[in-house]
Structure formats: C-alpha cells, structure tokens
Amino acid sequence: MSQHYRAEIAQMMFVFGDTAEPSDETVALVEDLTRAQISELIIQAVAQAHKRGPKVPLTAEDLIFLIRNDAKKVNRLKQYLSWKDVRKNVKDKGAAPTDGGQEEGEDLLDNEPSKLKPRKMTVQFSWELINSFANILEDAANNAEEDDEEVEAIDDHEARAAYEEQILRLKVADEVTQEMTKEEYVYYSECRQASFTYKKAKKFRDWSGLSTHYKLKPNGDVFDILGFLACECVARLTEVALKVKVQWDVRDKYVRLHGGSGEEQLGLFGRNAVEQAALSPRHIQEAFRRLQHTTFPMNNFQGGLVRSNLTIF
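Residues numbered from 1 in each chain as written. Predicted model: local features only at pLDDT ≥ 70, side-chain atom pairs only at ≥ 80, totals over all residues. Heavy atoms only, no water.

Draft legend 1. Highlighting the overall build of the protein. Regarding its fold elements, the protein presents 11 helices and 0 strands. The 313 residues of the protein split such that 33% are buried. Long-range pairs, those at least 24 residues apart, make up 74% of the contacts in the protein with a sequence separation of at least 6. Accessible surface, the protein: about 21,000 Å² in total, of which carbon and sulfur atoms supply 54%. (Helix = DSSP H or I, 4+ residues; strand = E, 2+ residues; numbered from the N terminus. Buried < 20%, exposed > 50% of the residue type's maximum accessible area, 1.4 Å probe, protein only. Contact = heavy atoms within 4.5 Å. Areas by Shrake-Rupley, 256 points an atom, 1.4 Å probe, with all protein chains shown as cover.)

So, in structure tokens, the structure goes:
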C-alpha cells in the first residue's frame, strides 16, 4: 500500500522506549498490526451504527463502546476529549474581534468567573448507569456553582486514573531522556509530536480503510478518536514488546552463564558496555500474541478449528 505511516510510527516507538532508529521490518509489522486493529474497530463501529438505521451517522459512542471494558483507556480518552473541548473554546474566544476602543487584554481583567476559567466539558456515555437517571437529576444540574463542584467530584476518580497511567509513561520518558544531549532531546521532543491525523485527514482515511467501510464524512470527534486509538495501539505493542525483550534477554543470559558456554563472569562492580538493541519482529509478534485474549481453538467438540475474533487493544 502506497500510503503508510512508517516514519511517524518509528518516532512513536522511540518515544515509548525503543531505540531512535527501529528496524524497518519491526516498524512495518507494527504498522500492519495497527492498521488491522483500526480497520477492525471501524468495521465493528459501523455495524453498531447500522443497528440504529441504515443512514445513521457514525458517532464517538460507537467507537468508545467497543473499548468500554478497558477502563484505563476510556478514562484517558475522556480526558483527551474534555481538554480538546477546552482548547477549542479558549481558541474561539481568543480569536473573537474586540469592540471599538476596547483593549485586547481588557476582558481578562473582568471579574466574571466564566471569562477567567474555561469550563471543562463532561464526557458521558449512554451505557453508563448514572446517565440512566439524567432526566431525574436534570433539575439539580441547573445550579451553576454547586453543579461545577459536583461534576468535578464525580470526574475526580476518572481523572486520577488517567493521571496515574500518564505518570507511568512520563516516568519512562524521564528515564529515557536523563542522559540525552541537547540535540537528542530536541529530536525526542519532535518525535513526541508525531500524529496519525494532524493535517493528514485524507491519508488516514485511505490508510485505515475508513473511506472504504464508511462512505459518509466522519465528524471531528470520530476522526480524533481513531487517531488516538491508533497511537495507543503503537504504544501498547511497544511497551509489551519491551517487557518481552527484557524477559527473553534475562533467560538467554541465564542460559549462557549456566549452560557451559564459558562466558566471562562479571565482578561485583562489572558492567556490560552493550548498547540497547532495537526491538525485533519476534518481540512484536509475541507482544501481539499476549494482547490477544483467545480461547482454545478446538471448542466445538467436532474436531474443527474455530476462528477467534480479533481482540482490540
């Protein structure tokens, strides 16, 4: 396929812990697995939308419903959509023209809280139990200040869960960048800006199969969610593959030391001056196998193989 994201995926893998120059075979494999995941997600989401009608548009809920059992990912996605709405509102307010002789920064001196504090959108899903009682609690939601405090208290747990997951990735980033030079850190910062969808709408539609499986024009949230989940797929494959590599390296080292290979023993303060090796395709394949929750294939008691569904991670 002519359209590909190998440069962006190589940058993402570097950010998530791989070397600065992953092997071409590994990057190509990660791209194929990521495309398969996103295509399967689109197919299932479109089928979910068609249950409401043949011409019903695809919504963000159709996508998020498919990953509803992954609480950590859903919480991160909620935070992503909430802050996306905040940035959009702030940008719209900042772009508004000023009146007559009003100074540009005059509205910032206003005492109205609504102008000083952008309101964060609350993301809710129809399958969540609390939303079933939305009509009953509608009157209570009209109290402005009390409602803001209650909403913040309800969302605090989800925000904390997303924050803790983000802290783990920031810890990995801190360990990776501790011994970087200025030039290396500048390149690392550029790699963190890699994206599947930013200014690449047509390319992503063709690459993911969205233009094939969904003929209508998707709204902005659907597009952003697909790009977010594609990046998450690369992250999960890389993180699990790194764990696989560490486990296999420890196993191989144990075999060398105790298998009579005659390798030199290290002293108490000895260190191997071996640089980190890049992930290989076999690490990615094992990571993908672990992320697929499959059952025993011969489960129909007739001797035939049953095709297991692709697990979306």
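Moving on, there is more to tell.
Draft legend 2. Structural detail: the nonpolar core. Core analysis: the biggest nonpolar cluster contains 50 residues, and Ile9, Phe196, Phe204, Ile225 and Leu226 have the highest contact counts within it. For this core, the secondary-structure elements that each account for two or more residues are helix 1 (6-15), helix 2 (24-50), helix 3 (60-66), helix 4 (71-95), helix 8 (201-208), helix 10 (220-258) and helix 11 (281-291). Here this core takes 16 residues from helix 10, the largest share from any one element. Sequence-distant contacts of Ile9, that is, excluding residues within four places in its chain, are made with Val27, Val30, Glu31, Phe196 and Val234. (Core = buried A, V, L, I, M, F, W, Y, C linked by side-chain atoms within 4.5 Å.)

Draft legend 3. Spotlight on the packing of aromatic side chains. The full count for this structure, using the stated rule, is 11 aromatic pairs. Site record: aromatic cluster; members linked through ring pairs are Tyr5, Phe196, Phe204, Trp207 and Phe223. Directly above the ring of Phe65 sits Arg68, whose terminal nitrogen or CZ lies 3.8 Å from the centroid. The residue whose ring lies beneath Lys203 is Tyr5, and the NZ or CZ to ring-centre distance is 4.5 Å. (Phe/Tyr/Trp six-rings, centres within 6.5 Å; stacked < 30°, edge-to-face > 60°. Lys NZ or Arg CZ within 6 Å of the ring centre and 35° of its normal.)

Draft legend 4. Spatial organisation of the state of the cysteines. For the structure on display, the rule yields 0 disulfides. Free cysteine Cys231: the closest other cysteine sulfur is in Cys233, separated by 9.8 Å. (Disulfide = S-S within 2.5 Å.)

Draft legend 5. Representation of the packing of helix 2 against helix 11. In the contact formed by helix 2 and helix 11, the axes pass within 8 Å of each other and the chain directions differ by 25°. It follows from the interaxial angle that helix 2 and helix 11 lie roughly parallel. Residue-level inspection shows Glu25, Thr26, Leu29, Val30, Leu33 and Gln37 of helix 2 in contact with helix 11, the latter providing Pro281, Ile284, Gln285 and Phe288. For the contact of helix 2 with helix 11, the per-class residue count stands at 6 nonpolar, 3 polar and 1 charged. (Axes fitted to C-alpha atoms, helices over the stretch in contact; angles between N-to-C directions. Parallel < 35°, antiparallel > 145°, perpendicular 65-115°, else oblique. Nonpolar A, V, L, I, M, F, W, Y, C, P; charged D, E, K, R; others polar.)

Draft legend 6. Just unusual backbone geometry, in detail. Although it is not a glycine, Lys199 adopts a positive phi angle of roughly 60°. Residue placement: Lys199 occurs in the loop between helix 7 (182-191) and helix 8. A relative accessible area of 73% means that Lys199 is categorised as exposed.

Draft legend 7. Expanded view of the environment of Ile38. In this fold, Ile38 is placed in helix 2. Separated by 189 residues in the primary sequence, Ile38 and Gly227 place their C-alpha atoms 9.0 Å from one another. When neighbours within four sequence positions are excluded, Ile38 is seen to be in contact with Phe204, Ser208, Leu226, Leu229 and Ala230.

Draft legend 8. Summary view of the environment of His283. Assignment of secondary structure puts His283 in helix 11. Linking His283 and Lys243, residues 40 residues apart in sequence, is a C-alpha distance of 9.0 Å.

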